[in-house]
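Remarks on the overall topology
The chain contents come next:
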Amino acid sequence: MPEPAHSAQSLAMPDTRPPCLATIEAVPIGERTVVTCRGAFDIGARELQSELWAVLDRSATGVDLELDEVGFCDCGGLNVLLGLRREALGQGKTVTFRTYSPTVERLLELTGARELFVTEHPGRPEDARALAAGAVLGAVPAPASGVEEKPQPAGSS
């Protein structure tokens, strides 16, 4: 007897997403929230993105990440952190690193991403808005007149 042209198998695709091997713990401290991250930050860490964004939404000025218990971090994990930073800047907030493991430090060094998460005044939302507008924190502002005044050598007028 011939077999039917179609199969009775389900057409639903199996869930092939990589497992999340990282955890986070958030503790509000004043206007900021400290987020302690543990485990492996790889492509599976995308599963934490909605939780991280919810933590950011609940903070007044942003989040400070403790990454010293992250034993592995690759570009997938870095993308999660960069996405959190982008969302924070859109809200006028910041994301800073309080601590990070040697593994995370190496990735930040190789990619040049460390500077994206460091601010001089992490608790000041006006700095986050300035960063979102493309300003560089720590830069010396131009004089109000728009003309830089230079000291004159002694004896000249």
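Residues numbered from 1 in each chain as written. Predicted model: local features only at pLDDT ≥ 70, side-chain atom pairs only at ≥ 80, totals over all residues. Heavy atoms only, no water.

Looking at the overall build of the chain
Secondary structure summary: the chain contains 4 helices and 4 strands in total. Counting helices and strands in the order they occur from the N terminus, the chain gives β-β-α-β-α-β-α-α. Looking at the chain residue by residue over its 157 residues, the buried ones come to 33%. Partitioning the intrachain contacts of the chain with sequence separation of at least 6 by distance along the chain shows that 72% fall at a separation of at least 24. Counting only carbon and sulfur atoms, one obtains 56% of the accessible surface of the chain, whose full area is about 10100 Å². (Helix = DSSP H or I, 4+ residues; strand = E, 2+ residues; numbered from the N terminus. Buried < 20%, exposed > 50% of the residue type's maximum accessible area, 1.4 Å probe, protein only. Contact = heavy atoms within 4.5 Å. Areas by Shrake-Rupley, 256 points an atom, 1.4 Å probe, with all protein chains shown as cover.)

Points about the pairing of strand β3 (residues 62-73)
Judged from the 9 bridges that link them, strand β2 (residues 32-41) and β3 form a sheet pairing that is parallel. Across the sheet, residue Phe41 finds its bridge partner in β3, namely Cys73. Viewed along the sheet, the connection from β2 through helix α1 (residues 49-58) into β3 turns out right-handed. With 6 bridges joining them, β3 and strand β4 (residues 94-100) adopt parallel strand pairing. Pairing of Glu66 across the sheet is with Thr99, part of β4. In the classification by handedness, the crossover that spans β3, the intervening helix α2 (residues 75-90) and the parallel β4 is right-handed. (Pairing = 2+ DSSP bridges. Right-handed = clockwise from strand over helix to strand, strands pointing away.)

Regarding the sheet that holds strand β1 (residues 21-29)
Strand order across the open sheet formed by 4 strands is β1-β2-β3-β4, with mixed pairing between neighbours. Each edge of the sheet is formed by a strand with only one pairing partner; in this case those strands are β1 and β4. With direction set aside, neighbouring strand axes in the sheet form an average angle of 20 degrees. The strands that α2 touches are β2, β3 and β4; relative to β3, the one it contacts most, it runs at about 175 degrees. (Axes fitted to C-alpha atoms, helices over the stretch in contact; angles between N-to-C directions.)

So, the pattern of salt bridges
Overall, the coordinates contain 7 salt bridges when judged by the stated rule. Glu47 is the salt-bridge partner of Arg17, the closest N and O atoms lying 3.5 Å from each other. Residue Arg17 is found in the segment before β1, and its partner Glu47 is found in the loop between β2 and α1; the two are separated by 30 residues along the sequence. Here Glu47 falls in the partly exposed class, since its relative accessible area comes to 40%. Notably, a salt bridge pairs Arg106 with Glu109, separated by 3.7 Å at the nearest N-O pair. (Salt bridge = Lys/Arg side-chain N within 4 Å of Asp/Glu carboxyl O.)

Considering the confidence of the model for the chain
Parts of the model with low pLDDT should not have their predicted coordinates read in detail. Confidence in the prediction of the chain, expressed as mean pLDDT, is 79, and 68% of residues score 70 or more. pLDDT under 50 marks residues 120-152. Its contacts with residues more than four places away, or in other chains, come to 26 contacts. (pLDDT = per-residue confidence, 0-100.)

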